[in-house]
Amino acid sequence: MRLWTFLKEVLVELRKVVTPTRKELIRYTLVVLVFVVFMMLLVSGLDLLFGSLVGWVFGDLPMFGLGG
């Protein structure tokens, strides 16, 4: 009985779902891609910065890989 009630509620909720238009879908996809690229650049930049600082502090690497 509980399973039947659950399935009925699932069908009720599925009727409420709104499918985005093609234009909305493209816009949402572009927003996500731009955000992901931005975050990749941010994390990569911070990784380079902190990695270089740690290497410089401990004398293992020159700052930002420059020099000898």
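The structure this text deals with has already been given above.
It should be emphasised that the depicted structure is a prediction, and the values quoted were computed from it without experimental measurement. (Residues numbered from 1 in each chain as written. Predicted model: local features only at pLDDT ≥ 70, side-chain atom pairs only at ≥ 80, totals over all residues. Heavy atoms only, no water.)

### Some words on the overall build of the protein
- Per the secondary structure count, the protein includes two helices and zero strands.
- For the protein, with 68 residues in total, the buried portion stands at 3%. (Helix = DSSP H or I, 4+ residues; strand = E, 2+ residues; numbered from the N terminus. Buried < 20%, exposed > 50% of the residue type's maximum accessible area, 1.4 Å probe, protein only.)

### Some remarks on the pattern of salt bridges
- Taken as a whole and assessed by the stated rule, the structure comprises one salt bridge.
- Salt-bridge contacts for Glu13 lead to Lys16; the nearest nitrogen and oxygen are separated by 3.2 Å. (Salt bridge = Lys/Arg side-chain N within 4 Å of Asp/Glu carboxyl O.)

### Details of a nonpolar patch on the surface
- Judged by side-chain polarity, Phe38, Leu42, Val43, Leu46, Leu49, Phe50, Leu53, Val54, Trp56, Val57 and Phe58 come together as a nonpolar surface patch covering roughly 1100 Å² of accessible area.
- For Leu42, the location among the structural elements is in helix 2 (residues 22-57).
- Classification of Leu42 by relative accessible area gives partly exposed; the value is 38%. (Patch = residues over 30% accessible without salt bridge, like charges linked within 9 Å, V, L, I, M, F, W, Y side chains within 5 Å. Areas by Shrake-Rupley, 256 points an atom, 1.4 Å probe, with all protein chains shown as cover.)

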